[in-house]
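Architecture and fold: a report
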Amino acid sequence: MKFATVNTSEGQLYGAVCEAGFTALSPAFPQWQTLRNVIEAAGLPTLAQAAETRAVTHPNDSFTYAIPVPNPEKIICVGVNFPDRNAEYKDGQDAPPNMSLFPRFARSFTGHGEALLRPPETPQLDYEGEIAIIIGKGGRRISQVNAFDHIAAITLCNEGTLRDWVRHAKFNVTQGKNWDSSGAIGPWLVPFERADQLDDIRLTTHVNGALRQDDRTSRMLFPIRRQIEYISTFTTLVAGDIIITGTPTGAGARFDPPRFLVPGDEIIVAAEGIGALRNTVRDE
């Protein structure tokens, strides 16, 4: 079962996605305004049960996708989390003992099928294919042993980056990571039920049909269990929070010359068991 937030002629709705289209479920659950509220109430199994008895309400091409959790309290991204990605920096350093982290704001993301916006201030819009996890059960100082018990769902992310703007300051990359609609999350949430949904799955990014990124989650320098443990040490994770878990080598900035995104490009981020997130590019 897959759950999404979509925009329709009746407004924004959440519900289930199947091959034929979208089944609106939000009208049947007025106590849950958004998928964040559903997750807070551990309500995904209830939605799944309801979807089994309902027909498609919106056929394909009658709706557009929004980011699945439209109002997360926080989005935390993990940087430089694959071995070859660390080597790209050519600084002679081994993997650091602790992970690099930075925040993103919800409005910096758009939904599946929508265009990423290249701003007029810089042409250096780049792609980063990643897996994102949605926290279901909040907590502080969560152990690695129990970390997966705190995940409600998984999805995909294109963590678009304005490369020159991440170098504007000495210690932070925030301003290069938060341009409006510079990245995407989606298309949908897949409920997380088993460790093998994350432990060793293939993640790829294609640009205009060409494979640019290709790696497996088992090669992460900081596995997802460790990410949850480390992040929850300094901040309380709450239901609906999103952790974006790191991108493999192969981003456009690492080519010689760099291959930044231009209007008309198509980027597809895909992972086993989750699906494919597709976006184009246009100038803002």
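Here is what the cut-offs are and how they apply
- Residue numbers here run from 1 along each chain, matching the order of that chain's written sequence.
- In keeping with the model being predicted, local features are shown solely for residues with a pLDDT of at least 70 and side-chain atom pairs are shown and tallied solely at 80 or more, while totals for entire chains, interfaces and linings include all residues.
- Excluded from the side-chain calculations are hydrogens and water; all other atoms, namely the structure's heavy atoms, are used.
- Here a strand is any run of E in DSSP of at least two residues, a helix any run of H or I of at least four, and the numbering for each starts at the N terminus.
- Throughout, radius of gyration means the C-alpha value; the globule benchmark is 2.2 Å times the number of residues raised to the power 0.38.
- Calculation of accessible area relied on Shrake-Rupley with a 1.4 Å probe; when residues are assessed, cover is drawn exclusively from the protein chains displayed.
- Working convention for charge: Lys and Arg count positive, Asp and Glu count negative, and His plus the chain ends are omitted.
- Every charge is mapped to an atom, namely NZ of Lys, CZ of Arg, CG of Asp or CD of Glu.
- Criterion for a salt bridge: a side-chain nitrogen of Lys or Arg within 4 Å of a carboxyl oxygen of Asp or Glu.
- Burial classes follow relative accessibility: with a 1.4 Å probe on protein chains only, a residue under 20% of its type's maximum area counts as buried, one over 50% as exposed, and anything between as partly exposed.
- We call two strands paired when DSSP finds no fewer than two bridges between them.
- It is the directions from the helix axis to the C-beta atoms whose arc is reported.
- Between two residues, a contact is recorded if the distance between any of their heavy atoms is within 4.5 Å.
- Residues belong to one nonpolar core when they are buried, are Ala, Val, Leu, Ile, Met, Phe, Trp, Tyr or Cys, and are joined through side-chain atoms within 4.5 Å.
- Helix axes are fitted only over the stretch in contact, all axes being lines through C-alpha atoms; the angle between N-to-C directions runs from 0 to 180 degrees.
- Between the rings of Phe, Tyr and Trp (Trp by its six-membered ring), a pair exists once the centres lie within 6.5 Å; its type follows the angle of the planes, with under 30 degrees stacked, over 60 edge-to-face, and the other angles tilted.
- Sitting over a ring, as applied to charges here, requires NZ of Lys or CZ of Arg to be within 6 Å of the ring centre and within 35 degrees of the ring normal.

**A short note on the overall build of the protein**
- Broken down by element type, the protein carries four helices and 19 strands.
- For a compact globule of 284 residues, the expected C-alpha radius of gyration is about 19 Å, and the protein comes in at 18 Å, within 12% of that figure.
- For the protein, the exposed area adds up to about 12,300 Å²; of that, 49% sits on carbon and sulfur atoms.
- Each charge class in the protein can be summarised by its mean position, and for the 27 positive and 33 negative side chains these summaries are 4 Å apart.

**Some details on the pattern of salt bridges**
- Per the counting criterion, the structure on display carries 17 salt bridges.
- Ionic pairing is found between Lys 177 and Glu 159, a salt bridge with its closest N-O pair at 2.9 Å. Pair noted here: Lys 177 is in the loop between strand S13 (161-162) and strand S14 (183-191) and Glu 159 is in the loop between strand S12 (151-158) and S13, with a separation of 18 residues, a long-range link. Residue Lys 177 shares its accessibility class with Glu 159, and that shared class is buried.
- A salt bridge links Arg 278 to Glu 266; the nearest nitrogen and oxygen atoms lie 4.0 Å apart. Placement of Arg 278 in strand S19 (residues 275-283) and of Glu 266 in strand S18 (residues 266-271) is noted, with a sequence separation of 12 residues between them.
- Its relative accessible area of 31% is what places Arg 278 among the partly exposed residues.
- For Glu 266, a relative accessible area of 28% puts it in the partly exposed group.
- Each of Arg 104, Asp 126, Glu 128, Glu 159, Arg 163 and Lys 177 takes part in one network of salt bridges that share partners.

**Describing the pairing of strand S9 (residues 115-118)**
- Along S9, one buried face is formed by Ala 115 and Leu 117 and the opposite face, lined by Leu 116 and Arg 118, is buried too.
- Sheet topology places S9 next to S19; four bridges connect them, and they run parallel. Directly across from Arg 118, in S19, lies its bridge partner Asp 283.

**Section: helix H2 (residues 44-51)**
- Along H2, the residues that are buried comprise Leu 44, Leu 47, Ala 48, Ala 50 and Ala 51. When H2 is viewed along its axis, its buried side chains cluster within an angular range of 165 degrees and face the same direction. More than 90 degrees from the buried face of H2, the exposed residues found are Pro 45 and Gln 49.
- Residues of H2 that are buried make contact with strand S1 (2-8), strand S2 (11-18), helix H1 (35-40) and S12.

**Concerning the nonpolar core**
- Of all hydrophobic cores here, the largest spans 48 residues; its most connected members are Ile 151, Leu 198 and Ile 228.
- Membership of the second largest hydrophobic core comes to 30 residues, among which are Ala 48, Ala 51, Cys 77 and Ile 244.

**Digging into the sheet that holds S19**
- Here five strands make up an open sheet; going across it, the order is S9-S19-S18-S15-S16 and the pairing mixed. Unpaired on one side and paired on the other, S9 and strand S16 (210-216) mark the two borders of the sheet. Adjacent strand axes in the sheet meet at a mean angle of 20 degrees when their direction is disregarded.
- Two elements, strand S15 (residues 202-207) and S16, share six bridges in a ladder whose sense is antiparallel.

**Topic: the environment of Ala 48**
- Within the secondary structure, Ala 48 sits in helix H2.
- A relative accessible area of 17% places Ala 48 in the buried class.
- In this structure, the C-alpha to C-alpha distance between Ala 48 and Thr 236, residues 188 residues apart in sequence, is 28 Å.
- In contact with Ala 48, other than residues within four places in its own chain, are Met 1 and Phe 3.

**Notes on the packing of aromatic side chains**
- For the coordinates displayed, the defined rule picks out seven aromatic pairs.
- The interplanar angle of 45 degrees and the centroid separation of 5.7 Å between the aromatic rings of Phe 22 and Phe 63 together place this pair among those described as tilted. A residue pair is termed long-range when its members are at least 10 positions apart, and Phe 22 in strand S3 (residues 21-24) and Phe 63 in the loop between strand S4 (58-59) and strand S5 (64-65) qualify at 41 residues. As far as burial versus exposure is concerned, Phe 22 and Phe 63 are alike and both buried.
- Seen from their ring centres, Phe 63 and Tyr 65 are 5.4 Å apart, and the 75 degrees between their planes marks the pair as edge-to-face.
- A relative accessible area of 12% places Tyr 65 in the buried class.
- One aromatic cluster is present, built from ring pairs that chain together Phe 22, Phe 63, Tyr 65 and Trp 188.
- Positioned over the ring face of Trp 188 is Lys 2, at 4.0 Å from the centre of the ring.

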